[in-house]
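# Coordinate analysis (summary)
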There are 2 protein chains.
Amino acid sequence: MSHDTSYTKQKFKLIGSRVNRPDGIDKVTGRARYGADASAPGQLVGKVLRSPHAHALIKKIDTTKAEKLPGVKAVITSADMPDLTGGNRSMLDILENCMARGRALYDGHAVAAVAAVDEQTARQALKLIKVTYKRLPHVTDVDKAMLPGAPVIHDWVFTSGVDPKPEKASNVVQRNQFGHGDVEAGFAEADVIVEKTFKTEQTHQGYIEPHACLATVGPDGHGDLWVTTQGHFHFRQVCAALIGMDVAKLKVTSSEIGGGFGGKTHVWMEPVALVLAREANRPVKLVMSREEVFKATGPTSSTSVDVKIGAKKNGTITAAAAELRYQGGAFPGIWGMLGAMTSFACYDLKNVQSVGYDVICNRPKVAAYRAPSAPMAAFGIESTMDLVAEEIGMDPVKFRIKNAAKEGTQASYGPVYGPIGIGPTLKAAQNHPHMKAKLRKNQGRGMACGFWFNFGGQTCTDLNIGVDGTVSLAVGTVDVGGSRASLGLIAAEELGIEYEQVKVHIADTASLGHNDTTEGSRGTFSSGMATIFAARDAKDELCQRAAKMWDIPVSAVAWKEGKAVAKGKRHNNLAPLTLKEIAAKSPNTGGPIAGHNEVVADGAGVSFASHICDVEVDPETGATKVIRYTVVQDAGKAIHPDYVEGQFQGGAAQGIGWALNEEYIYGDDGLLQNAGFLDYRIPVCSDLPFIDTEILEIPNPNHPYGIRGVGETSIVPPLAAIGNAVSNAVGVRMTHVPMSPPRILKALDEAGV
Amino acid sequence: MSHDTSYTKQKFKLIGSRVNRPDGIDKVTGRARYGADASAPGQLVGKVLRSPHAHALIKKIDTTKAEKLPGVKAVITSADMPDLTGGNRSMLDILENCMARGRALYDGHAVAAVAAVDEQTARQALKLIKVTYKRLPHVTDVDKAMLPGAPVIHDWVFTSGVDPKPEKASNVVQRNQFGHGDVEAGFAEADVIVEKTFKTEQTHQGYIEPHACLATVGPDGHGDLWVTTQGHFHFRQVCAALIGMDVAKLKVTSSEIGGGFGGKTHVWMEPVALVLAREANRPVKLVMSREEVFKATGPTSSTSVDVKIGAKKNGTITAAAAELRYQGGAFPGIWGMLGAMTSFACYDLKNVQSVGYDVICNRPKVAAYRAPSAPMAAFGIESTMDLVAEEIGMDPVKFRIKNAAKEGTQASYGPVYGPIGIGPTLKAAQNHPHMKAKLRKNQGRGMACGFWFNFGGQTCTDLNIGVDGTVSLAVGTVDVGGSRASLGLIAAEELGIEYEQVKVHIADTASLGHNDTTEGSRGTFSSGMATIFAARDAKDELCQRAAKMWDIPVSAVAWKEGKAVAKGKRHNNLAPLTLKEIAAKSPNTGGPIAGHNEVVADGAGVSFASHICDVEVDPETGATKVIRYTVVQDAGKAIHPDYVEGQFQGGAAQGIGWALNEEYIYGDDGLLQNAGFLDYRIPVCSDLPFIDTEILEIPNPNHPYGIRGVGETSIVPPLAAIGNAVSNAVGVRMTHVPMSPPRILKALDEAGV
């Protein structure tokens, strides 16, 4: 069961080629089945009643009228979702977020749900549910929520990680500190110190497909869940625990996914759908509206970040510090911690300290959004890096190169780096033609760096060889960004067959061992590792079969380039056997040929990127147009370069939207004012330039093919790169994201420009 | 990969207990999803146009009007299903049976198909297809089809197995002979010889659920098929080959199955659904009507059988011979061969010979029906056994016991038996209270024996242990008779956990290696074997993990009664670890815990039964009522006795229907006159007595748990047992099944009773 995971330099035949994407035709012809595309006989329509208040006591819920409405088959509240968590507070948080327990904690928080024979009846039933609220004071701003007089949302939250332990509950969940050296001493050595505060607003991942599922649960306690998710095994585990099912008795099938970006890593309404189905003893389909997606699923944190960097005139950073305050919505999170960990990861610093805070507000529970927490930290740090460079009169790229982390650097969050890509991406950016292109009036150029950890984790893969020599690869990591193509390439490469011979399926939870969620850019890294080992397992079996066919010892058989080869002069007469030939005989040589692997994929490789960006700002309107954008990123090994470039471009595009326009706008009443794509503006094609990409390949030493993971790092630099570009264009330092037209005009006004 | 398959006597904790059936609630609440219960967005309704002639040349098919009908998305004929079989005649037969190629070969043979937006449009489209036929001579009776002047249905069928090779094509596909010794010499030794001819009519399996599927195929050549089937892996292989897909690119999911009994082992319309879906580029749902099920799926053979048995006065059989003619429908089959093999399998005979013929007629292609071919052979042989016993004045049970096969007997079809159950079932029948019960006027008692081979074959199982210690067992053999319960019991027994901790799923073809079809009573035998080995594989891994948790060598760990136990005095301080405890830690000890097995399950154990039956015949109407029925059968090991008894009862019930009422009635025009349950009468509850059962357990030496397989043998004796009982009741030997009222009255008339 133990396999050598270390990187082996090799000449790939298929890896790195741009084969057709396996889901392309399904997606353009409408054959792909998304979360809302499943149906079952007798299914009901589920609907959720949501709080119209930012914070309110639920004094009473009267469901009698709704229950009596003909066609209504189930009406549930938190009373129907008892606490089975056995004192596990974080599980109870998930349950409470799915269905309010006594209090509504944010605008849109679920308070009841119905299942009815059709949409109209379900809507009518929602109207017949009478909820008696008592409004409570609310807070939605991260800084205000930390003030001593702020309304305390949970009386059981006592800040952890502080000394002495607090005596009073507050909205601050935890304080996490990272770093090393002596920052005070470092700042004392500095010739120049820049200190600045930055803010970013809350954004949503903006996936096209709303959350949707089809749930059934029988009176025997067995259930099925079809759902759009990034992690159906995780959903199985959480749903089973929350509603009291055995893990094995809940079968979860992941639909095709219409975007997730972290937002589909958590359950939001699936336990509700399962309980409705159990109550009604009928399948229940629950599909969120766009408004529900905005109000009641997990956007990213809004943040407030202080950065202080000191440097010598020669460009050496002597000390760097940051305090990062992350708004996590109505429940505890780890967002401030992640922000603090990523802050200074790009640099080789003697004295560094970052402190992260997780802060509770009356907003929806925050979820991961692509390299969660890193972009906001990078906005603060990379903006400040430019300011320091300016102060000491050094080119900002050179300044970064001088301080870049390298192999052997102790990262600010702890570990010592192996071979890494920050230096190479910075040098590639420095040498990129983009860097020398001329700028015109009202235009500015900025650049910034970004870092993401990348994850590994539990992974299982089954590889089954058909009698015609085609291969079914069953994997358990949902394909959010091309992993079916990359894993197909990996299986084909390892077996020495054609890519077209491999079909990759995302197996349901009943057919494969547990797989961690597709997040942390772990899909191709970890399922790739499990696929390599499963394929090697299958090759061992193929050699066994060849030995049987030849009637020679298996020790005399080797697998070479997709063929079993008989070794030694004695066997010169034996022509190599292809996988196809061995497969065709398999019914008579021992039955189906398979390979399996269960692994905890350790050794995920850190990833770095450097982005360059040109903008043009209209000083009259404050509108910014990105006119050129270049991503340079280390991919470890780019299995399928098209997808890698697509990830680079997608991250940059989302970052551009975040930097310039996207934000949750809450009124003083604590209600969300723009819960729809008309008022929450994500970039469309015409808003974006073609995003240029440059892939660097610095192999991850802990993966047989050198894979790192590529999906997340590309969203880290954009806020800062655009912030630097806009600042350079308008001559005023921008410190608040999104840099929307009103905010740019305000900054110009304040600076008297 | 090699495992010891031999039987080990052991004390079972769970095996043999009557736990709740896992599919029970799903089936009674309607949650179970059958073939027609799947839907996909944009799906079309498929319909098939069928021949109104028994045999006709298709001169022209004009589909232009149908194609122009608004809402019609695809119209296909055999021209759209080109021959890709590369000269494989039996594959071409399957294709041709799915869609007529130039000739319609039976009433109901598919000639064209449409896919349209709704049922009404599809029906209308069928009416707009103009087929120009030229009728050809036809033959539907097996004996007539063998006559020299019979219309020869295929000019490429030359009888195999005869010497000299025939020069002319005929309807006789093959002649197969089995046996040993010298029958002529044997008959010469006999004191008594009985020679008789028997006929049986064609019957249908009569499953409640008609054939149904939902097919999609994209322009990329990837497809999905949801289908009611006994073998989704086989369906995948056949469909892929017929329509030119890679095996791995067709994902087949088996629905819950509403009965199959052999009739759902073949594709009938699934390739048509796939081609319609490919043409329309939309999902196509194809559901047969009951009339289509009768006319165009596979019933069993009608037969004509000559039997000759000679015996000494002391009861020793000196010679036995049979010639068996099996009507196989419009395409070649192996039904006569199977009939000839099973004929004399119950007896220890010195001189025995059986000859089987497969005969083509203008009827639907015959399919397996529960112990296919054996009941008709048994009807002839077991009726004749009674006649011989009568002639020599011996009790028919004693006569059978005297000649029964035993361990070491060379079977008439070749092999030498190991420990077998024919003697024990006969003795149990002899001693059964039923045998001594009094009979009244117009009542008669009969008994008969039956045999079935049982099959093994290719099987794969994946066993995955969840973090809460519940187990997902993914198997690939469709559950037609309780295998989910029996395999759950086996997994739980082997792991030493509770039955309720195991959930058995039938995995789709994308998630598991190839499994042969559930037929030949192989489900629990072969998947049971693969489950045992997969569980043992998982136990090895559990011991590894326990060793890791304890930090001791794995050699010091043993698995005992569901727990890892540390061996040796040194480890006395280590409390045993349960599966649940080890599973809970699995994320930190190496990831998900699984067991896998791919096996060719050899060593299926032969199965024998002895049935006793009492009937009462109304001499006025000829109506027969079965008033008491007892099944004694060797189960090898009865994993779940409820299901075993259910199988015994189900087989007997179907046999009773076959014996007394069911038959395909063809007119002189070659058209089927009773294609519906009103005119084709299967027994309902009120037609049947409670069927008593007695399970014997003679372990199969080639299976770790001694399993043989129980589903089929129970349909073998009923025709003969009832034939003997009716003959005893009315005093006239019945030689034609079904013994329907008109046929009994005719026999009485002819005998002058």
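Residues numbered from 1 in each chain as written. Chains lettered and ligands numbered in written order. Predicted model: local features only at pLDDT ≥ 70, side-chain atom pairs only at ≥ 80, totals over all residues. Heavy atoms only, no water.

Here we take up the overall build of chain A. When helices and strands are counted, chain A shows 20 helices and 27 strands. A compact globule built from 753 residues should have a C-alpha radius of gyration of about 27 Å, and chain A, at 27 Å, falls within 12% of that. Residues counted as buried form 64% of the 753 residues belonging to chain A. Long-range pairs, those at least 24 residues apart, make up 79% of the contacts in chain A between residues at least 6 apart in sequence. (Helix = DSSP H or I, 4+ residues; strand = E, 2+ residues; numbered from the N terminus. Rg over C-alpha atoms; globule rule 2.2 N^0.38 Å. Buried < 20%, exposed > 50% of the residue type's maximum accessible area, 1.4 Å probe, protein only. Contact = heavy atoms within 4.5 Å.)

A few words on the packing of aromatic side chains. As enumerated under the stated definition, the model contains 30 aromatic pairs over all chains in all. Centroid distance B:Y417 to B:F608: 5.7 Å. Interplanar angle 85°. Geometry classified as edge-to-face. Of the two residues, B:Y417 sits in the loop between α12 (396-403) and α13 (422-431) while B:F608 sits in strand β24 (residues 607-617), which places them 191 residues apart along the sequence. Residue B:F608 is classed as buried on the basis of its relative accessible area, which comes to 0%. By way of ring pairs, the aromatic residues A:Y413, A:Y417, A:F451, A:W452, A:F453, A:F455 and A:F608 are connected into one cluster. Positioned above the aromatic ring of A:W156, the side-chain terminus of A:R89 is 3.7 Å from the ring centre. The ring of B:F187 carries the charged tip of B:K308 above its face, separated from the ring centre by 4.4 Å. (Phe/Tyr/Trp six-rings, centres within 6.5 Å; stacked < 30°, edge-to-face > 60°. Lys NZ or Arg CZ within 6 Å of the ring centre and 35° of its normal.)

Turning our eyes to something else, we now look at the sheet that holds strand β4 (residues 103-104) of chain B. Residue and element names in this part refer to chain B. Across the sheet, which stays open at both edges, the three strands sit in the order β4-β2-β6 with antiparallel pairing between neighbours. Lying at the two open borders of the sheet, with one neighbouring strand each, are β4 and β6 (130-135). When strand β2 (residues 56-62) meets β6, the two strands line up antiparallel, connected through six bridges. Within β6, the position partnered with I61 by the bridge is V131. (Pairing = 2+ DSSP bridges.)

What follows deals with the pairing of strand β11 (residues 250-254) of chain A. Residues and elements named next belong to chain A. Judged by which residues are buried, β11 turns out to be one-sided: L250, V252 and S254 face inward and are buried, whereas K251 and T253, on the alternate face, are not. Relative to β11, strand β10 (residues 223-227) runs parallel, the two being bridged by five bridges. Bridging from a neighbouring strand, D224 pairs with K251 of β11. Regarding topology, helix α7 (residues 232-243) serves as the crossover connection from β10 to the parallel β11, and that connection is right-handed. (Right-handed = clockwise from strand over helix to strand, strands pointing away.)

Attention now moves to the interface of chain A and chain B. If you look at the interface, chain A gives 58 residues, while chain B gives 58 residues. Interface of chain A and chain B: buried area, both sides summed, is about 4,600 Å²; carbon and sulfur atoms make up 54% of it. It is A:R31, A:A248 and A:P592 in chain A that bury the most area against chain B; as a group they hold 14% of the surface buried on that side. Seen at the junction of chain A and chain B, the total is two salt bridges. A:R31 is paired through a salt bridge with B:D224; the nearest N and O atoms lie 3.6 Å apart. Where chain A meets chain B, there are 17 residue pairs in polar contact (both at pLDDT 80 or more). (Buried area = accessible area lost by both parts, 1.4 Å probe. Salt bridge = Lys/Arg side-chain N within 4 Å of Asp/Glu carboxyl O. Polar contact = N/O pair within 3.5 Å; in protein donor to acceptor, adjacent residues only side chain to side chain.)

Moving on, we come to the packing of helix α16 (residues 523-550) of chain B against helix α17 (residues 579-589) of chain B. All names here are of chain B. Contact geometry for α16 and α17: axes closest at 10 Å, N-to-C directions at 75°. By the angle between their directions, the pair α16 and α17 is classed as roughly perpendicular. Residues L542, R545, A546, K548 and M549 of α16 lie in contact with α17, whose contacting residues are L579, E581, I582, K585, S586 and T589. (Axes fitted to C-alpha atoms, helices over the stretch in contact; angles between N-to-C directions. Parallel < 35°, antiparallel > 145°, perpendicular 65-115°, else oblique.)

Close approach of charged atoms lets side chains of opposite charge pair. Here the structure, examined in full by the defined rule, presents 74 salt bridges over all chains. In this structure, the salt-bridge partner of A:R21 is A:D23, at a minimum N-O distance of 3.1 Å. On the accessibility criterion, A:R21 (44% relative accessible area) is partly exposed. Close ionic contact of B:E645 with B:R18 constitutes a salt bridge, the shortest N to O distance being 2.8 Å. Of the two residues, B:E645 sits in helix α18 (residues 641-660) while B:R18 sits in the segment before α1 (24-29), which places them 627 residues apart along the sequence. For B:R18, a relative accessible area of 44% translates into the label partly exposed. Beyond isolated ion pairs, a larger network of salt bridges with shared partners links A:R21, A:D23, A:K27, A:E256, A:D479 and A:R484.

Ordered in space as β4-β2-β6 (chain A), the three strands form an open sheet in which the pairing is antiparallel. Only two strands of the sheet have a single partner each, and these edge strands are β4 (103-104) and β6 (130-135) of chain A.

Chain-level pLDDT for chain A is 97 on average; 100% of the residues reach the 70-or-more range. Interface predicted TM-score (ipTM) for the complex: 0.95; the corresponding pTM is 0.96. (pLDDT = per-residue confidence, 0-100.)

With that out of the way, let us pick up the environment of A:E201. All names here are of chain A. For E201, the position within the fold is in the loop between β8 (192-200) and β9 (212-217). Judged by its relative accessible area of 13%, E201 falls in the buried class. Between the C-alpha atom of E201 and that of S301, which follows or precedes it by 100 residues, the distance is 7.4 Å. Non-local contacts of E201, meaning those with residues more than four positions away in its chain, are made with S301, S302, R363, W658, E663, Y664, H736, V737, P738 and R743. A distance of 2.8 Å separates a polar atom in the side chain of E201 from a polar atom in the side chain of H736.

This next bit is on the relation of the copies chain A and chain B. The operation linking the two copies of the chain is a rotation about an axis combined with a translation along the axis. Taken as rigid bodies, chain A and chain B are interconverted by a rotation of 180° and an axial shift of 0.0 Å, the fit giving an RMSD of 0.0 Å. This pairing of chains is accounted for by a two-fold axis. When the interface residues of chain A are mapped onto chain B, 100% of them again fall at the interface, so both copies present the same face. (Least-squares fit on C-alpha atoms with pLDDT ≥ 70 in both.)

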